[in-house]
Amino acid sequence: FLDPDDYFATNSLSSIRDDAEQQECDIFVLRSMKSNGMAEAYRWQTLFADRYTDTGKEIYKKGYTRGSVCGCLFKKEFINRFNIRFYEKARNCEDTIFFFLSQMHAESIMFLDKEFYVVYERENSASRCFSEDKILMMFNNLEYVQQYAAANRIIDETCIDMLETLKYLLIS
């Protein structure tokens, strides 16, 4: 997934192709840099070493989740198997919802210490501006998460906790 104002780091797709083809992982999480070159977005290196792999639930229990799909690779078979899709009515936080649902179902997430994605931060981006319409969208996102949990009969304690955390992030 690539946001229209972001870009992939030079040669990053070719440098990770072999890893993605050789490893049986549902999700790969790579390094995402801010376009100013000064900082990293969505840091994970303080929690996990390069090539660390575990289930999505165990990674969540160790304190890691993220609000973006940017900088991640998702196996097509995985997202199709669990019918994980972007919530089409969401105009903000749709990638947060997608990542949480993916993490909840992932049997294997691998962290790769390779620069992959460059985030361009705009002052007037949707995630930095608030309006009455945006607040109403937040409620729609919450309703979607509730409906997902009910439709998929989410009863696993960790998954319920993940969905509660997701709901908090959607309104914070």
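What counts and how
Numbering of residues starts from 1 in every chain and runs along the sequence as written. Local features in this predicted model are restricted to residues whose pLDDT is 70 or higher, and side-chain atom pairs enter the listing and the counts only when it is 80 or higher, whereas totals over whole chains, interfaces and linings include all residues. Note that water and hydrogens are dropped before the side-chain values are worked out from all heavy atoms of the structure. For helices the rule is a DSSP run of H or I covering at least 4 residues; for strands it is a run of E covering at least 2, with both sets numbered from the N terminus onward. The span you would expect from a helix comes to 1.5 Å times its residue count less one. Each residue is assigned to one of three classes by its accessible area relative to the maximum for its type, calculated with a 1.4 Å probe on protein chains only: buried under 20%, partly exposed between the two thresholds, exposed over 50%. In this description, one arc is meant: the one made by directions from the helix axis to the C-beta atoms. Axes here mean lines fitted to C-alpha atoms, for a helix over just the part in contact, with angles spanning 0 to 180 degrees between N-to-C directions. Geometric relationships in this document are graded by angle, where less than 35 degrees denotes roughly parallel, more than 145 denotes roughly antiparallel, 65 to 115 denotes roughly perpendicular, and other angles denote oblique. Whether two residues touch is decided by their heavy atoms; if any such pair falls within 4.5 Å, the residues are in contact. Think of it as three bins: nonpolar holds Ala, Val, Leu, Ile, Met, Phe, Trp, Tyr, Cys and Pro, charged holds Asp, Glu, Lys and Arg, and polar takes everything else, Gly as well. Note on aromatic pairs: the rings of Phe, Tyr and Trp (six-membered ring only in Trp) are paired at centre separations within 6.5 Å, and the planes decide the class, stacked below 30 degrees, edge-to-face beyond 60, tilted for the rest. When DSSP finds two or more bridges between two strands, those strands count as paired.

What am I meant to see in helix α4 (residues 94–105) here?
Because an α-helix packs 3.6 residues into every turn, residues spaced three or four apart end up facing the same way. For α4, spanning 12 residues, the distance from its first C-alpha to its last is 17 Å, which sits close to the expected 16 Å at 1.5 Å a residue. Counting buried positions along α4 gives 11 out of 12 residues, so the element sits mostly inside the fold. Burial in α4 covers these residues: Asp95, Thr96, Ile97, Phe98, Phe99, Phe100, Leu101, Ser102, Gln103, Met104 and His105.

Explain helix α5 (residues 132–151) to me, please; I cannot follow it from the model alone.
With 20 residues, α5 should cover 28 Å at 1.5 Å per step; its first-to-last C-alpha distance of 29 Å lies within 8% of that length. Buried within α5 are the following residues: Lys134, Met138, Asn141, Leu142, Tyr144, Val145, Tyr148 and Ala149. Mapping the buried residues of α5 onto a view down its axis gives an arc of 155 degrees, with all of them on the same face. Residues of α5 that are exposed and angled more than 90 degrees away from the buried face: Glu132, Asp133, Phe139, Ala150 and Ala151. Phi for Arg153, located one or two positions after α5, is positive at around 45 degrees.

Looking at this structure, how should I read the packing of α4 against helix α6 (residues 157–171)?
To describe two helices that pack against each other, one gives the angle between their axes and the distance between the axes. One can describe the packing of α4 onto α6 by two numbers: an axis separation of 10 Å at closest approach and a directional angle of 170 degrees. By the criterion of interaxial angle, the relationship of α4 to α6 is roughly antiparallel. On α6, the residues touching Thr96, Ile97, Phe100, Leu101, Gln103 and Met104 of α4 are Cys159, Met162, Leu163, Thr165, Leu166, Leu169 and Leu170. In the contact of α4 with α6, the residues fall into 10 nonpolar, 3 polar and no charged.

Can you help me understand the packing of aromatic side chains in this one?
To describe a pair of aromatic rings, you give the distance between the ring centres and the angle between the ring planes. Tallied over the entire structure, the rule returns 13 aromatic pairs. Between Tyr64 and Phe111, the aromatic rings sit 5.3 Å apart at their centres with planes inclined by 85 degrees, giving edge-to-face as the arrangement. On the criterion of sequence distance, the pair formed by Tyr64 in the loop between α2 (56–61) and β5 (72–74) and Phe111 in strand β6 (residues 109–119) is long-range, its members being 47 residues apart. When sorted by exposure, Tyr64 lands in the same class as Phe111, which is buried. Relative to Phe99, the ring of Phe74 lies with its centre 6.4 Å away and its plane at 75 degrees, an arrangement referred to as edge-to-face. Of the two residues, Phe74 is situated in strand β5 and Phe99 in helix α4; the sequence distance between them amounts to 25 residues. Of the two residues examined, Phe74 and Phe99, each falls in the buried class.

Got a minute to help me understand the pairing of strand β2 (residues 27–34) in this structure?
Taken residue by residue, a regular strand's side chains alternate between the two faces of the sheet. The buried count for β2 comes to 7 of 8 residues, which makes it a mostly enclosed element. Here 3 bridges tie β2 to β5, and the two strands are oriented antiparallel to one another. When the bridges of β5 are listed, Ile27 appears paired with Phe74. Taken together, the 7 bridges between β2 and β6 define a ladder with parallel strand orientation. Note on β6: the bridge partner recorded for Val29 is Phe111.

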